Amino acid sequence: MPTTNDHAIDELDHARDVQAIQRFREAAANAHVETTYVPVERATEAIADAIEGDAVGSTLPFETVTLPEKVRTDPTDDDLRTAQTGVTAAAFAIASYGTVAIPMTEHKEGPVSLFPPTQVAVVLARDVHPDMATAFEVLARLFDDGTKDVIFVTGPSSTGDMGSLVRGVHGPEAVSVIIVDTTGEGI
Amino acid sequence: MKSNTTREETRAHIRHLLAEEGDTVFENTSYLNDARYELVGELGADYDRLKDRARSIKEEAIEHLPDLIETLTERVEANGGTVYVAEDAADANQYITSVCDDVGAESVVKSKSMTTEELEVNDALEAVGIEAVETDLGEMVIQIADEAPSHLVGPGLHKSRTEIAELFNTHFDPDEPLETAEELTEFARDHLAPKIEAADVGMTGANFLIAETGSLALVTNEGNARKVVESNDTHIAVAGIEKILPTLEELQPFIELIGRSAGQSTTAYTSILTPPVATPTMPFDEGGERSFHLVLVDNGRMAMRDDEQLRETLYCIRCSACLNSCANFQHVGGHAFGGETYTGGIATGWETGVHGLESAAEFNDLCTGCSRCVNQCPVKIDIPWINTVVRDRINRSDTGTFDFLYEGLTPDAESGGLSLRKRLFGNFETLAKLGSATAPVSNWLANRRESRLLAEHVLGVDRRRALPEFQRTTFRDWFRSRERPIIEEPMRRAVLYPDIYTNYVSVERGKAAVRTLESLGVEVELATPRSTGREPLSQGMISTATERARLIHADLADTIDEGTDVVFIEPSDLAMFTDDYEKLLPKEAYQTLAENSYDVLEYVYGLLENGADPAELSADDESLMYHSHCQQRTLGVNTHTVAVLEELGYDVMTSNVECCGMAGSFGYKSEYYDLSMDVGDELRGQLVEAGDRRLVASGTSCTDQIDDLVGENPIHPIEVIDPERRKGETTT
Ligand code: SF4
């Protein structure tokens, strides 16, 4: 006979998630990443709001979240060179660092998240993990299931090589992350 | 023996670099060093756990290296790539150029890789008419300037913004001269973007390789490494064999440590790729097939693995923490403190392993053994020890000519051609005995102008340094001739170690220690005054140091077994007992000495904690400026000094420089005098800022340096609390 209260466990899980998401948003802010937290119904709208100018994207692998109409998927070379924003999914996020993990597949997530000056990443709230150790457990499972290439992105590309810190060096100069709550519980 | 011309050349080279690059290097390294302290501090206790884990993963990985190479090769091949294990640079370059040739490459774009610098891949490519384009902005700067990297992480860290602007304006002659960092970055990016797209081959290094998945990890802030990989069908990754980790999960501690150790919480990108990557190559409509070549470079590494002393070097993840935390490096940079490829203290290990002893000999002197880097290394490499070992090997490979003249002065256990100066510094004990026995005549003779000129000319002892003034009545003479107080039921029994300086030169601090300990109820004996081996060890004279360590152990073992503690006035001698002896003595002997040894103020702290009565100590509300010794800080015993002084009412301000710049005999050497004073300048600033606070320092060499810097001789903290001082002050 179960001695634990399922409802209490749910609550506990929920509290932990809330904490991880708050931590993620703080760390992301330190890394010059903007974050938006939205319920699933408003996800597409939030993505649209984060987009600057013309946008390219890679189809999101989520059942419940879709890209706004105006995002051009399967972009050409020219699309990539002229677009102002690139939108991709993140497999997970790491709260303690403000990092998002972008898998690269044949769907061009690599160039989409690298060429346009603004990068938008979409992550599900339940995929925000508290720390690097947990993230690597998840990563190892993803690799077991066939993922090959993942980029941990923590803020925009930058360099200090020219005498002081400059953002946007062979990569985006702004990064924005949309955290999508699919539980309907909110925070 | 190092000839006078070489010494002259070294001095001139260092002066030149101090003037040309010193300020920029200092600004950048000290910024990164401060950031590192803050970032690792945020980790709290996790920091040590991560370091321990990283260390043990590396130990295991190097132990099983041949198996890991095999597993990795199988995986990469199963993934559709090729692996080539290159024996040396020529072999690697031959393979790389043939791959480029096979795809008809005209140009290769590269992301930052120290290993390709080691191999001089760019030269090899250019020799067969292939253009090599560095796309990391720092690398691009030094490629244009035609210089070598001056730092493991920031290759162009010695160049200021204005210098880069000048370089670009001359080299590219843009319509509008470039000025700001933004303009320079934008220009460089726009210059490189078409080159990256037009290239035929993308070449990267690898910060880590994962055997079980055949993946590589690239840690970067710029997007260039990603672009280089994504935009080119042919990907060549060049990495030393030591980069292999067994599993993906074992990458975790390294990812957490590498950025922080370099002074950044984490880099913008950590790419974990399993090439050939799945991303389609741009331009998409040309739809080329991706290919991947992993070049695993041995180039001396397998031999390093078999070399008990150099093996640790292979754990290095090239984070640069040991460069940024090194006072000498901060001031002179990697163009003096580095060999053919690698820079900083750990470069001694790398250069010896991959380029040979001669390359390390060029700069190995610049590691003074201050030990500040030891706790900063994420894989806990004993960097000063590697420097000592290599110094010993250099000594043995030299051929000296004058040695026989000085055999009497240098009763050491060294064979081979050791330079005269090394012998002299290494045998300071003999010199001190002689100097003391003949004082004051010896002091008078030593300080005559002719003697100083001769000393500088033959020995390279800088004439601007004050020489130690030997005392005719040694500390031991005083101890033996005085009337011993009777201590009823002593709280502890201690044997005070009279280091050479305390015994022959700074006798007062010895007396203060005896009086202080006795007033706290300790029965004090004196150990036989003999060298701990610190002076010979600093000259790389390992056998002499080992012999001294054995004698000391024989002296003290029984006393310690009877429950007596060993107390030190000189921090660097304490560090010998608690740290270096681990390498010189059998395990048990080392443990006996290490576990029962204390810094004198640490000991006082312990006594007070255990209820000793401080009534007789000199307590005051005097304002002090305390400079602790670098090795005290590494051992973490400096805090006790401050705690004791504060408990007695003193108002204590502390310095926070990594090292005073003197570092034993280093600052006495004529070719390093300028550097030593330049390093000391930071401390001078802090001392001046301290106003009329009384100066206090624990180490002998710090004391000498401070005297030279501000013309005031600091006293040892034990002299501050000396009961005699209290009496003296109350009677006046
Ligand atoms: S020796 Fe340690 S601190 Fe120095 S670069 Fe290597 S890993 Fe970093």
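Small disclaimer: the values here were computed from a predicted structure and weren't measured. (Residues numbered from 1 in each chain as written. Chains lettered and ligands numbered in written order. Predicted model: local features only at pLDDT ≥ 70, side-chain atom pairs only at ≥ 80, totals over all residues. Heavy atoms only, no water.)

Undergrad: Explain the overall build of chain B here, please?
TA: In terms of helices and strands, chain B carries 36 helices and 17 strands. Its C-alpha atoms give chain B a radius of gyration of 28 Å, near enough to 27 Å, the size a compact globule of 732 residues would have. Along the three orthogonal principal directions, the C-alpha set of chain B runs to about 95 × 50 × 50 Å. Here chain B holds 732 residues, and the buried ones make up 62% of them. Residue pairs at least 24 apart in sequence account for 78% of intrachain contacts in chain B once pairs closer than 6 positions are excluded. Of the accessible surface of chain B, which amounts to about 27,700 Å², a share of 46% is contributed by carbon and sulfur atoms. Where the 65 positive side-chain charges of chain B centre and where its 131 negative ones centre are 7 Å apart. (Helix = DSSP H or I, 4+ residues; strand = E, 2+ residues; numbered from the N terminus. Rg over C-alpha atoms; globule rule 2.2 N^0.38 Å. Buried < 20%, exposed > 50% of the residue type's maximum accessible area, 1.4 Å probe, protein only. Contact = heavy atoms within 4.5 Å. Areas by Shrake-Rupley, 256 points an atom, 1.4 Å probe, with all protein chains shown as cover. Lys, Arg positive; Asp, Glu negative; His and termini not counted. Charge placed at Lys NZ, Arg CZ, Asp CG, Glu CD.)

Undergrad: Got a minute to help me understand unusual backbone geometry in this structure?
TA: Glycine aside, negative phi is the norm for most residues, and most peptide bonds take the trans geometry. Residues and elements named next belong to chain B. Cis rather than trans, the peptide bond between Pro275 and Pro276 has omega equal to -5°. Despite not being glycine, Glu120 shows a phi value in the positive range, around 55°. Position of Glu120 relative to the elements: it lies in the loop between α6 (114-119) and α7 (121-127). The phi dihedral of Glu489 falls on the positive side, at around 40°, and the residue is not glycine. With respect to the helices and strands, the residue Glu489 is situated in the loop between α23 (475-481) and β11 (492-497).

Undergrad: Would you mind showing me how to read the nonpolar core here?
TA: Nonpolar side chains tend to gather and get buried jointly when the protein is soluble and globular. Judged by nonpolar contacts, the single largest core of 79 residues is most densely connected at Leu139 and Phe152 of chain A together with Phe208, Leu251, Ile346, Leu366 and Ile381 of chain B. Listed in part, the 55 residues of the second largest apolar core include Phe24 and Ala83 of chain A together with Ala61 and Ala211 of chain B. (Core = buried A, V, L, I, M, F, W, Y, C linked by side-chain atoms within 4.5 Å.)

Undergrad: Can you walk me through the pairing of strand β12 (residues 522-526) of chain B in this structure?
TA: It is a general feature of regular strands that their side chains alternate between the two faces of the sheet. Residues and elements named next belong to chain B. Residues Val522, Val524 and Leu526 line the buried face of β12, whereas the alternating positions Glu523 and Glu525 sit on a face that is not buried. The sheet contact formed by β11 and β12 spans 5 bridges and is parallel. Its bridge partner being in β12, Ala494 is matched across the sheet by Val524. (Pairing = 2+ DSSP bridges.)

Undergrad: What exactly am I supposed to notice about the pairing of strand β4 (residues 201-204) of chain B here?
TA: Residues and elements named next belong to chain B. Residues Val201 and Met203 of β4 are buried on one face, and the alternating residues Gly202 and Thr204, pointing to the opposite face, are buried as well. Bridge analysis of β4 against strand β7 (residues 234-240) gives 4 bridges, and the strand direction is parallel. When the bridges of β7 are listed, Val201 appears paired with Thr234.

Undergrad: Just checking my understanding: could you explain the pattern of salt bridges for this structure?
TA: Charged atoms that come close allow side chains of opposite charge to pair. Residues and elements named next belong to chain B. All chains considered together, the criterion is met by 40 salt bridges over all chains. Linking Asp651 and Arg693 is a salt bridge whose minimum nitrogen-to-oxygen distance equals 3.0 Å. You can see Asp651 sitting in strand β16 (residues 651-654) and its partner Arg693 sitting in the loop between α33 (673-689) and β17 (694-697), a full 42 residues away along the chain. (Salt bridge = Lys/Arg side-chain N within 4 Å of Asp/Glu carboxyl O.)

Undergrad: Looking at this structure, how should I read the packing of aromatic side chains?
TA: Each aromatic ring pair is summarised here by two numbers: the centre-to-centre distance and the angle between the ring planes. Residue and element names in this part refer to chain B. In this structure the tally under the stated criterion is 18 aromatic pairs over all chains. The interplanar angle of 0° and the centroid separation of 4.2 Å between the aromatic rings of Tyr84 and Tyr95 together place this pair among those described as stacked. Here Tyr95 lies in helix α5 (residues 89-102) and Tyr84 lies in strand β1 (residues 82-86), a separation of 11 residues in the sequence. According to the relative accessible area criterion, Tyr84 is partly exposed, its value standing at 26%. What makes Tyr95 buried here is its relative accessible area of 14%. With a centroid separation of 6.1 Å and an interplanar angle of 45°, the aromatic rings of Phe329 and Phe337 are classed as tilted. Phe337 carries the same exposure label as Phe329, and that label is buried. The rings of Tyr497, Phe568, Phe577 and Tyr581 are connected pair by pair, giving a single aromatic cluster. It is Arg226 that lies over the ring of Tyr269; its NZ or CZ is 4.8 Å from the centre. (Phe/Tyr/Trp six-rings, centres within 6.5 Å; stacked < 30°, edge-to-face > 60°. Lys NZ or Arg CZ within 6 Å of the ring centre and 35° of its normal.)

Undergrad: Before we go on, may I ask you to explain the interface of chain A and chain B in this structure?
TA: The accessible area lost on association of the parts is a frequent measure of interface size. Between chain A and chain B, the residue contacts involve 45 residues of the former and 53 residues of the latter. Between chain A and chain B lies a buried interface of about 4,200 Å² when both sides are counted; carbon and sulfur atoms form 62% of it. Counting the surface chain A buries against chain B, the share from its top three residues, Tyr97, Met162 and His170 of chain A, is 21%. Summed over the shared surface of chain A and chain B, the result is 1 salt bridge. (Buried area = accessible area lost by both parts, 1.4 Å probe.)

Undergrad: I tried to follow the site of the ligand on my own but got confused; where do I start?
TA: As a matter of local geometry, the ligand sits amid 14 residues, with Cys316, Cys319, Ser320, Cys322 and Cys377 of chain B nearest to it. Its residues assigned to classes, the shell around the ligand comprises 12 nonpolar, 1 polar and 1 charged. (Near = heavy atom within 4 Å. Nonpolar A, V, L, I, M, F, W, Y, C, P; charged D, E, K, R; others polar.)

Undergrad: What is the right way to read the sheet that holds strand β12 (residues 174-181) of chain A from this model?
TA: Backbone-to-backbone hydrogen bonds pair the strands of a sheet. The strands run either parallel or antiparallel. Residues and elements named next belong to chain A. With respect to topology, 6 strands assemble into an open sheet ordered β1-β12-β7-β4-β2-β3, the strand pairing being parallel. Strands at the two margins of the open sheet, each flanked by one partner only, are β1 (33-39) and β3 (71-73). Ignoring which end each strand starts from, the neighbouring axes of this sheet average 25° apart. One ladder, built from 7 bridges, connects strand β7 (residues 118-124) with β12; its direction is parallel. Bridge pairing links Thr118 to Ala174 in β12. (Axes fitted to C-alpha atoms, helices over the stretch in contact; angles between N-to-C directions.)

Undergrad: Help me out: how do you make sense of α5 of chain B in this one?
TA: Residue pairs spaced three or four apart in an α-helix point in one direction, given the helix's 3.6 residues per turn. Residues and elements named next belong to chain B. Its 14 residues place the ends of α5 20 Å apart at the C-alpha level, agreeing with the 20 Å of an ideal helix rising 1.5 Å per residue. For α5, every residue scored as buried is listed here: Ala89, Asp91, Ala92, Asn93, Tyr95, Ile96, Thr97, Val99 and Cys100. Downstream of α5 by a residue or two, Gly104 has a phi angle that is positive, lying close to 65°. (Expected span 1.5 Å × (residues − 1).)

Undergrad: Help me understand the packing of helix α27 (residues 542-561) of chain B against helix α29 (residues 587-595) of chain B, please; the structure alone is not making it clear to me.
TA: Geometrically, a packed helix pair is captured by the angle between its two axes and the distance between the axes. All names here are of chain B. The geometry of α27 relative to α29 is characterised by a closest axis approach of 10 Å and an angle of 65° between their N-to-C directions. At the point where α27 passes α29, the crossing takes the left-handed sense. Contact with α27, carried on its side by His553, Leu556, Ile560 and Asp561, involves Ala589, Thr592 and Leu593 of α29 and no other residues of that element. For the contact of α27 with α29, the per-class residue count stands at 4 nonpolar, 2 polar and 1 charged. (Left-handed = near helix turned anticlockwise from the far one by under 90°.)

Undergrad: Is there a simple way to explain the environment of Ala27 of chain A in this structure?
TA: Assignment of secondary structure puts Ala27 of chain A in helix α1 (residues 6-30). Here Ala27 of chain A is in contact with Ala95, Ser96, Tyr97 and Gly98 of chain A, once residues within four sequence places are set aside.

Undergrad: Looking at this model, I keep getting lost on helix α8 (residues 137-145) of chain B. Mind explaining?
TA: For α8 of chain B, the buried fraction is high: 7 of the 9 residues fall into the buried class. Buried within α8 of chain B are the following residues: Leu137, Gly138, Glu139, Met140, Val141, Ile142 and Ile144 of chain B. Buried residues along α8 of chain B sit in contact with β10 (158-159) of chain A together with α6, β3 (131-134), α9 (161-172) and α10 (181-198) of chain B. Phi turns positive one or two residues past the end of α8 of chain B, at Asp146 of chain B, with a value near 55°.

Undergrad: Please explain the UniProt feature "domain: LUD" (unreviewed entry) in chain A as it appears in this structure.
TA: The positions that UniProt labels "domain: LUD" (unreviewed entry) are, in the present scheme, residues 77-180 of chain A. Helix makes up 22% of residues 77-180 of chain A and strand 38%, and the two end C-alpha atoms of the span are 30 Å apart. (UniProt positions renumbered as here; feature names shortened; annotations may be inferred.)

Undergrad: It is not clear to me how the sheet that holds strand β6 (residues 99-104) of chain A should be interpreted in this structure. Could you clarify?
TA: Overall, mixed pairing links the 8 strands, which are arranged β8(A)-β5(A)-β6(A)-β9(A)-β9(B)-β6(B)-β5(B)-β8(B) in an open sheet. Two strands in the sheet have a free side with no partner beyond their single neighbour: β8 (128-129) of chain A together with β8 (244-245) of chain B. In the packing of helix α12 (residues 252-262) of chain B onto the sheet, the strands contacted are β5 (208-210), β6 (215-220), β8 and β9 (269-273) of chain B, and the crossing angle to β5 of chain B comes to about 170°.

Undergrad: Honestly, a negative patch on the surface in this entry has me stumped. Any pointers?
TA: Together, Glu173 of chain A together with Asp173, Asp175, Glu176, Glu179, Glu182, Glu183 and Glu186 of chain B make up a region of like negative charge exposed at the surface. Residue class for Asp173 of chain B comes out exposed when judged on its relative accessible area of 59%. (Patch = residues over 30% accessible without salt bridge, like charges linked within 9 Å, V, L, I, M, F, W, Y side chains within 5 Å.)

Undergrad: Before we go on, may I ask you to explain the packing of helix α3 (residues 46-63) of chain B against α12 of chain B in this structure?
TA: All names here are of chain B. Between α3 and α12, whose axes approach to 9 Å, the crossing angle comes to 120°. Considering their axes alone, α3 and α12 lie oblique with respect to each other. Every pair of crossing elements has a handedness; the one defined by α3 and α12 is left-handed. For the pair α3 and α12, contact is made by Tyr47, Leu50, Lys51, Arg53, Ala54, Ile57 and Lys58 and by Gln252, Pro253, Phe254, Glu256 and Leu257, respectively. Grouping the constituent residues of the contact of α3 with α12 by class yields 7 nonpolar, 1 polar and 4 charged. (Parallel < 35°, antiparallel > 145°, perpendicular 65-115°, else oblique.)

Undergrad: Would you take a moment to explain the confidence of the model for chain B for this structure?
TA: Caution applies to low-pLDDT parts of the model: their predicted coordinates are not meant to be read in detail. Residues and elements named next belong to chain B. Scored by pLDDT, chain B comes out at a mean of 89, with 90% of its residues at no less than 70. Here residues 1-5 is modelled with pLDDT under 50, and outside its nearest four sequence neighbours on either side it reaches 13 contacts, counting other chains as well. Predicted confidence is poor over residues 399-409, with pLDDT under 50, and the contacts of this stretch with residues over four places away or in other chains come to 19 contacts. As scored by the predictor, the complex reaches a pTM of 0.87 and an ipTM of 0.94. (pLDDT = per-residue confidence, 0-100.)

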